[in-house]
Amino acid sequence: MTSSAFVPDSLKADVETLWDYHDMHHVVRPADVGIGLGSHDLGVATFTADLYHQKMFPLIVFTGANAPTTISRFPRGEAVHYKDHAMELGVPGDAILVEPQATNTGENFTYTRDLLEKQGIAVTSAVLISRPYQQRRAYATCKKLWPEIDVTCASLPLSLDNYVVSIGDTDRVINMLVGDTQRITEYAKKGFAIEQPYPDEVDAAFQRLIDAGYTSRLI
């Protein structure tokens, strides 16, 4: 295992397999709202602001409280810090709603839907902006909990290598990739998300990375 900001050649193919699997490869379409999912990755707020300026949606909801991995970086909560960052990038404050209570992906969507309903804002479509490796889980969760809404997924367009450099911690990225891969199948079994295709090559890469010691995000 390595904590430096590059993926070792011995792991590269398997990590790339999981990285590509979690990318939904959606073409972003104009929508009623952009939903930025809170995490340790400020790139979510950056790309949400970019899409707003491209007129992909007129309204943003940033959703997220804190996880143990984010409380030191975002002490006032992920969604609050995301809003601040988006405003620094030129998004007007009145175009942003903050949902500051969600502590998991299911709550991100349930609480966002409730917030929009309380505000009297009807939406039929959304762009889900997340960390790159959260796209598939975000999609599967949203379609389970909010099936009537039309969604596309988006993330700051970075290669795996550039994303690892931006985070600065290879182990963290690989552990999160492995953890999210497990959650695709396990959360569908638990009824938290819809089922997703799970190719043999993805499972094989997942198992090899577990064997290499990347287990800290397993459930």
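Note that the structure is a prediction, hence the values are computed from the model and not measured.

Enquirer: Quick one: what's the story with the packing of helix α6 (residues 160-167) against helix α7 (residues 170-189), residue by residue and with numbers?
Expert: Where α6 meets α7, the closest approach of the two axes is 8 Å, and the angle between their N-to-C directions is 120°. Between α6 and α7, the angle is such that the two are oblique. The two elements α6 and α7 meet at a crossing, and its hand is right-handed. Of the residues in α7, those in contact with Tyr163, Val164 and Ile167 of α6 are Thr170, Arg172 and Val173. When the residues that make up the contact of α6 with α7 are grouped by side-chain class, the tally is four nonpolar, one polar and one charged.

Enquirer: Requested: an account of the sheet that holds strand β3 (residues 96-99), with residues and values cited.
Expert: Strand order in the open sheet made by the five strands is β3-β2-β1-β4-β5, with parallel pairing throughout. The strands lining the two open edges of the sheet, one partner per strand, are β3 and β5 (150-154). The sheet shows a mean angle of 20° between the axes of neighbouring strands, taken without regard to direction. Against the sheet, helix α3 (residues 78-88) engages β1 (33-37), β2 (60-63) and β3, with an angle of about 165° to β3. Running at roughly 130° to β3, helix α4 (residues 105-118) makes contact with β1, β2, β3 and β4 (125-129) of the sheet.

Enquirer: Tell me about the pairing of β1, and please be specific about residues and values.
Expert: Across the five residues that make up β1, a large majority, five, are buried. Judged by which residues are buried, β1 turns out to be covered on both faces: Val33, Ile35 and Leu37 on one side and Gly34 and Gly36 on the other are all buried. The β-α-β motif built from β1, the intervening helix α2 (residues 43-53) and the parallel element β2 has right-handed crossover chirality.

Enquirer: Just give me the short version of the pattern of salt bridges, but keep the residues and values in it.
Expert: Under the definition given, this model contains six salt bridges. One salt bridge connects Arg29 with Asp150, and the closest N-O pair in it is separated by 2.8 Å. Of this pair, Arg29 sits in the loop between α1 (9-22) and β1 while Asp150 sits in strand β5, placing them 121 residues apart in sequence. We note a salt bridge from Arg76 to Asp84, for which the minimum N-O separation is 2.6 Å. For Asp84, a relative accessible area of 27% puts it in the partly exposed group.

Basis of the calculations
Residues numbered from 1 in each chain as written. Predicted model: local features only at pLDDT ≥ 70, side-chain atom pairs only at ≥ 80, totals over all residues. Heavy atoms only, no water. Axes fitted to C-alpha atoms, helices over the stretch in contact; angles between N-to-C directions. Helix = DSSP H or I, 4+ residues; strand = E, 2+ residues; numbered from the N terminus. Parallel < 35°, antiparallel > 145°, perpendicular 65-115°, else oblique. Left-handed = near helix turned anticlockwise from the far one by under 90°. Contact = heavy atoms within 4.5 Å. Nonpolar A, V, L, I, M, F, W, Y, C, P; charged D, E, K, R; others polar. Pairing = 2+ DSSP bridges. Buried < 20%, exposed > 50% of the residue type's maximum accessible area, 1.4 Å probe, protein only. Right-handed = clockwise from strand over helix to strand, strands pointing away. Salt bridge = Lys/Arg side-chain N within 4 Å of Asp/Glu carboxyl O.

Treat this as a map of the structure, not an account of what it does.
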